[in-house]
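# Remarks on the overall topology
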Amino acid sequence: MKNTAASKSVNFEKATLLWSFTWDADWVSAVSFIGDKHFAAGNNLGEILLWELPEKPEPLGESPSEKSKPADKSERPLYLSPKPVRQMVGHSNIINRLLCAENRWLISASNDHTVKYWDIEAKPSGMAKHVLNARTIEDINRNKNSGRKPPTPLETEVQTQAATKTIEGREWIIGASLSQDETTLITGDDAGQVAVYDRKTGAEKKRWQVKGWAFAVAISPDLKQSLVSERYPLVFDSGRHTAVKLWDVATSTVQHDLSKEFKDMQIASAAYSRDGKILALGRGGEGEGKIFLIDPSTGKKIRELSPIHQYGVTDLCFHPDGKHLASTGRDTVVRIWNIEDGKMIKELGKPRGGQFKDWFHALSFSPDGTRIAVADMAGYIHLWEFR
Amino acid sequence: MNNPSISGVCKKSEHFSRRALLKGSLATGAGTAIPNWGGLFHSQSIASMAQKLGKRCILLWMNGGASQIDTFDMKPGKATAGPFREIQTKLPGYKVCEYLPKIAQQVEKLGIIRSMRTTSPDHPDGIYHMHTCYKQSERMPHPELGAMIAKYLGQTDADLPSFVRMGPTGNAGSGYLGPRYEPFGIERNGNMPYFTSPYLPAANESRRNDLLRFMETEHKKENSADAYESHRVAKERAWRLLKAKSLFDTTKEWPKHQELYGASDFGRGCFLARKLTEAGVPFVEIGQENYDSHADNFVCHKANMQILDPAWSGLLIDLERTGQLQNTLVVWMGEVGRTPQINNRAGRDHFIRGWTIVLAGGGIKGGVVYGSTDADGRDVATNPVSEGDLFATIYTALGVNPRTKHFVGTRPIWATPEGSKPIKDLLL
């Protein structure tokens, strides 16, 4: 089946894993394309690295360090992974979301209570060394009885740069999303604060409080409506709380309260379609990873996608063609869905066997729609291409 | 539909049931038999000695097992650290989790044991072991801490039960001490089981009870066995409890204390525990659900700590304000700690090789951090403390000899296992 993307024709059924980039300092928790030739990834330590994708990639050879990689977990990539070129320095805790504007600005939301802006065209301020497989080596060295030999260190040196802008929040900023036109940024934090900013200047335009911790947030293409899901994840306690609400941004009042419909569900991810007529919601946690399509004008459910992710959904992203949705979750697979009929048309990756084996944390389509990057907690960024 | 908020915890069947909580605490058709009433059956001089000290104990039970690395034994910069940050306490050089800011201000009251090395890794055995200091696999049913304290610190003439528990707590019961020391279970807001409310007008109820007394007195003339007497005494005590029932009602006082303890079930339970100990109940256990975070450990602990921090610190402040702290031992513990390693569910699993328990108040030296774990928190580095050592410390702080001997038939059994030693550094 062929589909027309923003700039290129895309055949979702014909997908190829081009690269699996190793970076296991800690879990890779966020990813975003920046234009078609760059992508950035963030991890649980608050580090952000930037990769530049080569015009002529080098076929994957038989080097021991590359050979032993995710081939056994998913599929073997075609090409040898280039090393990162730059590090964004400044965050001190988990990177929860990475967003991109104007193919130049990277925006990061973190557990360190901040949102930071990074200009990838800015001059570097220094250099830093990384060993991209440091955790694997450390684990093997600590467990000497495992009989495994540590791999060759994947050493690299990257340019560093500081943030150009920092927005201070009050708690872990888990939810962050850009409007379709990239003019508006919305964030939600664990203090229950939802804030709307002018994306360019970082000036705050609106702020309101919700009862629980703000989890997933999204803003409609016309900038008038926002989705905020809430949680207060106590277990077996009367104080636990979940909510899903559609808000009028101008007045910060609730337009539609969907909490009954999504009772006890922690909605971890939300995204508006490009035309604003569909809102996709993904249920997080370790329950069934359900995906719902909602009519944002009424708050009514249009359909529930099937099959479900085995465990919770972690990220949703509409394709630039506006007709397809990508989802990923705690089952280490990516699914591509046709929005019109709700059918799954492609699954990438494989569940890793047994109960609870790793997560894919986040995904991002390239602006031309031909590639998708996926953040893998096992210490990789996978990049597939559709042709 | 599954409840996402309970994902990642062990199966409910692996935990003790609420039925077990209430089992034996309230029974009979009239609903008024309260087994652990006072200390009617106390006979040992040790009991009277301990009672003279006027000590009380409140156990804050962290059901499922709280993470030491995410609370009192943080490992910043290590692979095991997790996303929580440290904050300075009043104790120079000692830091705790950023989500315990109020407890950080009370640290001069705390005796923090960072070197618990225990031997029961799962919930049923861990809950039993950390309530009795004996392994569950032993054939002898040991009494849990509350039953032991009820026996030695309970008053014979009390109108109140001597062992009260609220929420998710232990399940070992009174063991070989017998049903009279079984816990009296209530809800954390003080609500009692529905059957404690009389369904007859007071005058009718009184006449009915008088009739029952008369019949039992007549019956006793021909039947003097202990079982009949025990049953009769239990009824008498139950009727006395109903007269004191208003003490459990926190409806009027709670709004004034809510800010101090935090607006939560657990906070309200801590307030009620303070009320009950002040009124003479020697042992109150209150549980907080649920720390068993095999998945999503950090959001689970963060939410729990936001409840725990004001409740626990509020309790310590309130005990001090009302002059009770020096006689009331507050114990903070669960059945296990949690692994330093973060698993691929963003969780931490059960861990017994180096975890943390905190004592405060009666008989305990505050501002003391005892023992340590290694750099990553994977094992105890100094001063390992066993279950028996912990209980020996608790009993000593409360004025009960940890080597107290009981006889079951002809078999001698001690309050703590052979070799258990109180931690002198923590005792006043």
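Right above here is the structure, for reference.
First, a word on scope: everything that follows refers to the structure included in this document. (Residues numbered from 1 in each chain as written. Chains lettered and ligands numbered in written order. Predicted model: local features only at pLDDT ≥ 70, side-chain atom pairs only at ≥ 80, totals over all residues. Heavy atoms only, no water.)

### As for the layout of surface pockets
All names here are of chain A. Where we set the bar: Using protein atoms alone on a 1 Å grid, points that fit a 1.4 Å probe yet trap it form a cavity, whereas open point sets bounded by protein on both sides within 12 Å along at least five of seven lines form a pocket; residues with an atom within 4 Å of a point count as lining. Grid points are joined across faces, edges and corners, and a volume is the space filled by probe spheres set on the points. Only DSSP runs of H or I reaching four residues or more are called helices, and only runs of E reaching two or more are called strands; each is numbered from the N terminus.
Roughly 990 Å³ of internal volume is contained in the second largest pocket. Leu99, Cys100, Leu178, Cys317 and Phe318 are the residues nearest the centre of the second largest pocket, which is lined by 42 residues in total. Elements supplying a minimum of two residues to the lining of the second largest pocket: strand S4 (28-34), strand S8 (95-101), strand S14 (173-178), strand S18 (213-219), strand S22 (267-272), strand S26 (313-318) and strand S30 (360-365).

### Notes on the interface of chain B and chain A
The condition that has to hold: Whether two residues are in contact is decided by their heavy atoms: any pair within 4.5 Å suffices. Note on definitions: buried area is the accessible-area loss of two parts on being combined, 1.4 Å probe, summed for both. We count a salt bridge whenever a side-chain nitrogen from Lys or Arg sits within 4 Å of a carboxyl oxygen from Asp or Glu. Distance and chemistry together define a polar contact, namely a pair of N or O atoms within 3.5 Å, with one atom able to donate a hydrogen and the other to accept it when in protein, and with adjacent residues in sequence counting only for side-chain atoms on both sides. Note on residue categories: nonpolar means Ala, Val, Leu, Ile, Met, Phe, Trp, Tyr, Cys or Pro, charged means Asp, Glu, Lys or Arg, and polar means any other residue, Gly included.
Contact residues are listed per partner, giving 36 residues for chain B and 35 residues for chain A. Carbon and sulfur atoms make up 52% of the area that chain B and chain A hide from each other, which totals about 3100 Å². Scanning the region where chain B abuts chain A turns up four salt bridges. For Lys302 of chain B, the salt bridge identified is with Glu171 of chain A, shortest N-O distance 2.7 Å. Applying the counting criterion to the chain B and chain A interface returns 13 residue pairs in polar contact (both at pLDDT 80 or more). A breakdown of the residues in the side of chain B that touches chain A according to their chemical character gives 16 nonpolar, eleven polar and nine charged.

### Considering the pattern of salt bridges
Counted under the stated rule, the structure contains 39 salt bridges over all chains. A salt bridge links Glu385 of chain A to Arg387 of chain A; its shortest N-O distance comes to 2.6 Å. In this structure, Arg353 of chain B engages Asp379 of chain B in a salt bridge whose closest nitrogen and oxygen atoms are separated by 2.6 Å. Of this pair, Arg353 of chain B sits in the loop between strand S10 (350-351) and strand S11 (355-361) while Asp379 of chain B is found in the loop between strand S13 (372-373) and strand S14 (380-382), placing the two residues 26 residues apart along the sequence. One network of salt bridges, with partners in common, ties together Lys90, Glu108, Lys109 and Glu320 of chain B.

### Structural notes on unusual backbone geometry
Negative phi characterises most residues that are not glycine, and trans characterises most peptide bonds. With an omega dihedral of 10 degrees, the bond running from Ser306 of chain A to Pro307 of chain A counts as a cis peptide bond. Inspection of the secondary structure puts Pro307 of chain A in the loop between strand S25 (300-304) and S26. The step from Glu289 of chain B to Asn290 of chain B runs through a cis peptide bond, and the omega angle for that step is -25 degrees. Its place among the elements puts Asn290 of chain B in the loop between strand S7 (283-288) and helix H10 (297-321). You will see that Asn103 of chain A, though not glycine, has its phi angle at about 55 degrees, which is positive. Mapped onto the elements of the fold, Asn103 of chain A is located in the loop between S8 and strand S9 (105-110). Despite not being glycine, Asp296 of chain B has its phi angle at roughly 50 degrees, a positive value. Among the structural elements, Asp296 of chain B can be located in the loop between S7 and H10.

### Examining helix H9 (residues 265-278) of chain B
Residues and elements named next belong to chain B. Counted only if it meets this: Given the number of residues in a helix, its expected span is that number minus one, multiplied by 1.5 Å. Throughout this description, buried means an accessible area under 20% of the type-specific maximum (1.4 Å probe, protein chains only), exposed means over 50%, and partly exposed covers the range between.
Spanning 14 residues, H9 covers 20 Å between terminal C-alpha atoms, matching the ideal 20 Å at 1.5 Å per step. Within H9, twelve of the 14 residues are buried, leaving the element largely enclosed by the surrounding structure. Buried residues of H9: Phe266, Gly267, Arg268, Gly269, Cys270, Phe271, Leu272, Ala273, Arg274, Lys275, Leu276 and Thr277, and no others. Contacts made by the buried residues of H9 are with strand S1 (56-62), strand S5 (163-166), strand S6 (184-186), helix H8 (254-261), S7 and H10. Once H9 finishes, Gly280 follows within two positions and takes phi at roughly 115 degrees, a positive value.

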